[in-house]
Amino acid sequence: GTISISNNTLAGVTTVLERDLGTVDIGRTTPVNGKYMKVIDERLFMVDSANNPSLVTVSKPFYPAENPTANTLQTATEDGQVVTGLAESYGKLVVFKEDSMYYLTQNNMQTDLVKIPTDIGCLSHKTIAKWRDKLVWLSRKGVEMGDIRGAEIISDSVNNELLAVKQAIIKAANHLRTTKA
């Protein structure tokens, strides 16, 4: 028989396989507006930046466009912070917020996110890098190095003047982008 996919699998419409026997729904949900993405163990982990920026959605194994609504990981929302980045440490997903970190103990969705006991977070996903078996990133306190067990400061702190310069650069870049359009 013939197999066809009735919509682009990334278009946000229910993906359906059509066979000679009829139509079979394979559980497609509307994709999230992904901001940060990380692939671990054949699953796509993605932050839903538009609807819930503290929520991480997880795809089915080997199907990055399949995001069942049951496959979600909620970080704390009472802190008012959004997820600022995703990384991998020892094969586990690490979720960064500005002043906190979480990790997933098993990537098979059988567990929840566990908060790493620290007040260290990450200012921007663009600062997260892997170095040997550690992660390195920029926090409010400075450059941090660590993994799912915790982190330590390896530089001087980031002061408010540096953050103000960063904001001014972003504002100028956005202004240039809108004037060119």
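The model shown is predicted, which means the values in this text are computed figures rather than measured ones.

A.B. asks: Talk me through the overall build of the protein; I want residue IDs and the actual numbers.
C.D. replies: Per the secondary structure count, the protein includes 1 helix and 15 strands. If you sum the accessible surface of the protein, you get close to 10700 Å²; carbon and sulfur atoms cover 54% of it.

A.B. asks: I'd like a rundown of the sheet that holds strand 12 (residues 129-131), residues and numbers included.
C.D. replies: Within a sheet, neighbouring strands are paired by backbone hydrogen bonds and run either parallel or antiparallel to one another. Spatially, 12-13-14-15 is the arrangement adopted by the 4 strands of the open sheet, whose pairing is antiparallel. Every interior strand has two partners, whereas the edge strands, strand 12 and strand 15 (150-153), have only one. The average angle at which neighbouring strand axes cross in this sheet is 35°, direction not considered. Relative to strand 13 (residues 134-139), strand 12 is paired through 3 bridges, and the arrangement is antiparallel. Its bridge partner being in strand 13, Lys130 is matched across the sheet by Leu135.

A.B. asks: Please set out the packing of aromatic side chains residue by residue, giving values where relevant.
C.D. replies: Under the definition given, this model contains 1 aromatic pair. Their ring planes at 55° and their centres at 4.9 Å tell us that Phe96 and Trp137 sit as a pair that is tilted. Placement of the pair is Phe96 in strand 9 (residues 92-97) and Trp137 in strand 13, with a sequence separation of 41 residues. For Phe96, a relative accessible area of 0% corresponds to the buried category.

A.B. asks: Please set out the nonpolar core residue by residue, giving values where relevant.
C.D. replies: Ranked by internal contacts, the top residues of the largest apolar core, which has 14 residues, are Phe45, Val56, Leu73, Leu86, Leu93 and Val95. Looking at this core, the elements with two or more residues in it are strand 4 (34-40), strand 5 (43-48), strand 6 (52-58), strand 8 (83-89), strand 9 and strand 10 (100-104). Listed in part, the 12 residues of the second largest apolar core include Phe96, Tyr103, Ile116 and Leu135.

A.B. asks: Describe the sheet that holds strand 6, listing the residues and the values that go with them.
C.D. replies: Across the sheet, which stays open at both edges, the 4 strands sit in the order 4-5-6-7 with antiparallel pairing between neighbours. Only two strands of the sheet have a single partner each, and these edge strands are strand 4 and strand 7 (72-74). The mean angle between the axes of side-by-side strands here comes to 25°, regardless of whether they run parallel or antiparallel. Bridge count for strand 5 against strand 6 is 4 bridges, and the pairing is antiparallel. Among the inter-strand pairings, Phe45 is bridged to a residue of strand 6, identified as Val58.

What counts, and at which threshold
Residues numbered from 1 in each chain as written. Predicted model: local features only at pLDDT ≥ 70, side-chain atom pairs only at ≥ 80, totals over all residues. Heavy atoms only, no water. Helix = DSSP H or I, 4+ residues; strand = E, 2+ residues; numbered from the N terminus. Areas by Shrake-Rupley, 256 points an atom, 1.4 Å probe, with all protein chains shown as cover. Pairing = 2+ DSSP bridges. Axes fitted to C-alpha atoms, helices over the stretch in contact; angles between N-to-C directions. Phe/Tyr/Trp six-rings, centres within 6.5 Å; stacked < 30°, edge-to-face > 60°. Buried < 20%, exposed > 50% of the residue type's maximum accessible area, 1.4 Å probe, protein only. Core = buried A, V, L, I, M, F, W, Y, C linked by side-chain atoms within 4.5 Å.

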